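Now for the letters of each chain:
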Amino acid sequence: MKLHIHDTFNTELPADTVLENTRRQVFEACFSFVKPTIPKNPVLIHATKEVASLLGINEKDIFSEDFLSIFSGQKIYENTKPFAMCYGGHQFGNWAGQLGDGRAINLFEIDYNNQHFALQLKGSGATPYSRTADGLAVLRSSIREHLCSEAMFYLGVSTTRSLSLILSGDEVVRDMLYDGHPAYEKGAIVCRVSETFIRFGNFEILASRQDTKNLKLLADYTIQHFYSEIKSSDKERYAELVKCVAERTLKMIIDWQRVGFVHGVMNTDNMSIIGNTIDYGPYGWLENYDPTWTPNTTDIQHKRYQFGQQGNIALWNLYKLANAMYPLVEEAKPFEEILQAFPRQYNKAYQVMMKQKLGLEKEYENDFQLIEELESILQNVETDMTIFFRNLAHFSTNFSEDENFKCIQSAFYSEDYTNAEIYNQWKNWIAKYVNRLRLEIKNEDDKKTSMNAVNPKYVLRNYMAQLAIDAANDGNYHLINELHELLKKPYDEQPENEKWFAKRPDWARHKVGCSMLSCSS
Ligand code: AMP
Ligand code: MG
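Values in this document were obtained by computation on a predicted structure and should not be read as measured data. (Residues numbered from 1 in each chain as written. Chains lettered and ligands numbered in written order. Predicted model: local features only at pLDDT ≥ 70, side-chain atom pairs only at ≥ 80, totals over all residues. Heavy atoms only, no water.)

Just give me the short version of the overall build of the protein, but keep the residues and values in it.
Helices and strands together make up the secondary structure of the protein, namely 17 helices and 11 strands. For the protein, the spread of C-alpha atoms along the principal axes amounts to about 70 × 60 × 45 Å. With 521 residues in all, the protein has 59% of them scored as buried. Considering only contacts in the protein between residues 6 or more positions apart, those separated by 24 or more positions represent 72%. Charged side chains of the protein number 56 positive and 69 negative; the gap between the two group centres comes to 1 Å. (Helix = DSSP H or I, 4+ residues; strand = E, 2+ residues; numbered from the N terminus. Buried < 20%, exposed > 50% of the residue type's maximum accessible area, 1.4 Å probe, protein only. Contact = heavy atoms within 4.5 Å. Lys, Arg positive; Asp, Glu negative; His and termini not counted. Charge placed at Lys NZ, Arg CZ, Asp CG, Glu CD.)

Give me the lowdown on empty space enclosed by the protein, citing residues and values where you can.
Unfilled space is identified by rolling a water-sized probe across the atoms. The full count for this structure, using the stated rule, is 4 cavities of 30 Å³ or more. In this structure, the largest cavity encloses a volume near 90 Å³. Residue lining of the largest cavity: 15 residues in total, with Phe-9, Phe-83, Met-85, Glu-109 and Ala-118 positioned closest to the centre. Elements that contribute at least two residues to the lining of the largest cavity include exactly β3 (83-85), β6 (104-112), β7 (115-122) and α7 (212-226). If one sorts the elements of the lining of the largest cavity by residue count, β6 sits on top with 4 residues. Forming the walls of the second largest cavity are Arg-103, Lys-122, Ala-137, Ser-141, Ser-142, Glu-145, Val-190, Tyr-280, Gly-281 and Ser-521. Per-class residue counts for the lining of the second largest cavity are 3 nonpolar, 4 polar and 3 charged. (1 Å grid on protein atoms, 1.4 Å probe; cavity = no way out; pocket = protein on both sides within 12 Å on 5 of 7 lines; lining within 4 Å. Points joined across faces, edges and corners; volume = space filled by probe spheres on them. Nonpolar A, V, L, I, M, F, W, Y, C, P; charged D, E, K, R; others polar.)

Would you mind going over the packing of α7 against helix α9 (residues 310-329) in detail, with residue names and values included?
Axis separation between α7 and α9 bottoms out at 10 Å; the angle between their running directions is 105 degrees. In terms of orientation, α7 and α9 fall into the roughly perpendicular class. Contacts between α7 and α9 pair Thr-212, Leu-215, Lys-216 and Ala-219 from the former with Ala-324, Met-325, Pro-327 and Leu-328 from the latter. Looking at side-chain class alone, the contact of α7 with α9 contains 6 nonpolar, 1 polar and 1 charged residues. (Axes fitted to C-alpha atoms, helices over the stretch in contact; angles between N-to-C directions. Parallel < 35°, antiparallel > 145°, perpendicular 65-115°, else oblique.)

Outline the environment of Leu-55, supporting the account with residue identities and numerical values.
With respect to the element layout, Leu-55 can be found in the loop between α2 (49-54) and α3 (59-62). Overall, the relative accessible area of 0% leaves Leu-55 in the buried class. Separated by 54 residues in sequence, Leu-55 and Glu-109 place their C-alpha atoms 9.7 Å apart. Sequence-distant contacts of Leu-55, that is, excluding residues within four places in its chain, are made with Ile-110, Tyr-112, Phe-117, Leu-119, Leu-163 and Val-193.

Provide a residue-level description of the site of ligand 1, including the pertinent values.
With respect to spatial proximity, 17 residues lie near ligand 1, and among them Gly-100, Gly-102, Arg-131, Gly-135 and Asn-270 are the closest. Within the backbone of Gly-100, one N or O atom sits 2.6 Å away from an oxygen atom of ligand 1. Look at ligand 1: alone it shows 490 Å² of surface, and the protein chains cover 83% of it. Of all the cavities here, the one that holds ligand 1 is the largest pocket. Considered class by class, the residues forming the shell around ligand 1 number 4 nonpolar, 6 polar and 7 charged. Looking at which domains feed residues into the shell around ligand 1, each of domain 1 (9-197) and domain 2 (209-286 + 303-352) supplies at least three. (Near = heavy atom within 4 Å. Polar contact = N/O pair within 3.5 Å; in protein donor to acceptor, adjacent residues only side chain to side chain. Areas by Shrake-Rupley, 256 points an atom, 1.4 Å probe, with all protein chains shown as cover. Sits in = over half its atoms within 2 Å of the grid points. Domains from an automatic or database assignment.)

Any details on the pattern of salt bridges? Residues and values, ideally.
For the structure on display, the rule yields 34 salt bridges. Put simply, Glu-287 and Arg-461 hold a salt bridge, and the shortest N to O gap is 3.7 Å. Taken together, the residues Glu-287 in the loop between β11 (284-285) and α9 and Arg-461 in the loop between α15 (444-452) and α16 (462-473) connect sequence positions 174 residues apart. For the pair Glu-287 and Arg-461, one class covers both residues: buried. The residue Arg-509 makes a salt bridge to Glu-382 at a minimum N-O spacing of 3.0 Å. Here the residue Arg-509 occupies a position in the segment after α17 (478-486), and Glu-382 occupies one in the loop between α11 (367-377) and α12 (385-392), the gap between them amounting to 127 residues. The exposure class of Arg-509 is partly exposed, given its relative accessible area of 24%. For Glu-382, a relative accessible area of 31% corresponds to the partly exposed category. Connected through shared salt-bridge partners, Glu-287, Glu-382, Asp-384, Arg-461, Arg-504, Asp-506 and Arg-509 make up one network. (Salt bridge = Lys/Arg side-chain N within 4 Å of Asp/Glu carboxyl O.)

Which residues make up unusual backbone geometry, and what values do they have?
Although it is not a glycine, Glu-28 sits at a positive phi angle of roughly 50 degrees. Tracing the backbone shows Glu-28 in the loop between α1 (9-12) and β1 (31-33). Since its relative accessible area comes to 58%, Glu-28 is described here as exposed. Not every positive phi belongs to a glycine, and Tyr-178 is a case in point at roughly 55 degrees.

Lay out the layout of surface pockets with the relevant residues and their values.
Of the pockets and cavities examined, the largest pocket occupies roughly 880 Å³. Taken together, 35 residues form the lining of the largest pocket, with Gln-91, Arg-103, Arg-131, Cys-519 and Ser-521 sitting closest to its centre.

What is shown is where atoms sit, not what they do.
And the structure:
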C-alpha cells in the first residue's frame, strides 16, 4: 500500500523533547512522539471505502495485510513519526489543565487529489496524556463513532470521518454504568480522518502557561494551513482567526440543531478549530422533541450540554478560545465585536434553518412566531422530531386541517394528542402554517423536494447503534454494514429500509445505550 504522506504538524511545530512514554505534564511543545501499542489480534470489522478512496487507498488495499497492520497500530508506516497532541480544556465549565490525546495517536498526514488529511487512531494505547486512564477504547463506543461520523457526513454536517473499525483482540475493563461493576469488554481501534485534529484546547493550554511563543507558532500554523482566506499579516489576524472559527462553529451547530444531534460533551477540548464535529462519545439523537434533553448521564444534574443550549455553549467555548488568543493581539475590542455579534448571527441562521425545515423561503413578520409556537407545541406530547419534519412535507394547502394533521400523526409517541386542548392547538398552528405556505410561490412538489433535502428521513437513532453493538458483541457485524449503507442516503426515500423510519421502540426507552450514555468509553 503506497500512501502519499505529507506531514506538517509534527514537522513544523515544536515537539516534546522527552521521548519516553510516561504520563507527565508537557511544556513548550505542541505534541509528544509516541508509538501505538501493538494490539494482540487485530481483525478488520469495517472500512469506509469512500474515505479510503479520498486517501488514495483502493479496495484491494483495504483488505491487505498492510492496511490491517497500519490502521491497528501494529506497524508504523515507513518514514512517519506518530505522536499525541498536547491540549487542555474547560470541562463542564471548569478549567481542567492539561488533557491531550490520552487515547488518540496521530499517524501521519496525506496529500491526495489536492486535499489534505490527518489520520489518527483512537484507542491504540497510552500516551504521555493518558493521565490515570488506559488509552484504550471499547467496541461499543468505537462502533458508535465509526457509524455516527459517517452518518453526519452524509447528512451534510461538518465532521471528522472514520476510515476503519478494527477489533484489537485485547480486553478492556470498563465500569459502563459507573456503578462499581467493572467488566471486560472487547477493545477496538477507529482510524479517524480530518483536515486537522487541532482543538480549542490546543491554544488554551499554551495560553494558560504563558507560552506566547508557541501559541503564536500554532496560530500561524493553523492560519497557514486551514484558513488561507486570512490574508492580513499584522496581529489582527489572530482575531480574524477567531472570527472564522466562530463562523464555522456556528454553521456546525445550526446543522446539529437541524438534524437533532446532541454532542453531549461540548468541552473546549472537544471543539475542533476547523468547525468539525469531533469526539463522538455519549452523543445522542433527539427522538421526542425535547430541547432540554441530554444523552450524557454525567451531565444529568445540570444538563449543561442539552440540545437547546448547544448554540450558547458554542459561544461560551468561543470566549475561551478568544481568551487564549488574546496574548497575540493584546486588545480586547476585536474579540468583543466578534463574540457580541454571535448571538444575533446565530439566531438569524437558526431562523433561516427552521424556515427551510418548514419549506418557507420568503420573509414575513410572523415567521418567528410561527416557529416559536411550533417548538412549544412539539413538546405537548412526545413527538418524534425526525418523523414530524419529514412528514410535514406531505402537507398540502388543498387539505383540510384534519387531513394535514393526519400527515404528522405517526410522529406522536402517545395518544395524548387526541386530548381536545392539544388537538386544537395543533389545528390552530396548522391553520397558520398553511396560510403561510400559501404566501410562497413554489408548487407543492418543489416544496416537498426542498423540505426533504433538509429534513432527513434516516438518522442513527440511539437504539439502532445499540442493536449494531449488541450484534457485534456476539460476533455478528452485518448490521454495522447495513446501517452504514442506509445512512449514506439519509435524505432519500429507501422503500426497502422503511423499518428504520420508525419511532424508537418502547423497549429502547430506558435501555442503557438507547437513551442515556456515560462517558465510560
Ligand atoms: P473526552 O471528554 O471523552 O473527549 O476526554 C477527555 C480527555 O480524557 C481527553 O484528554 C482524552 O484523551 C482523555 N481520555 C478519555 N478516555 C481515555 C482513556 N480511556 N484513556 C486515556 N485517556 C482518555
Ligand atoms: Mg475529547
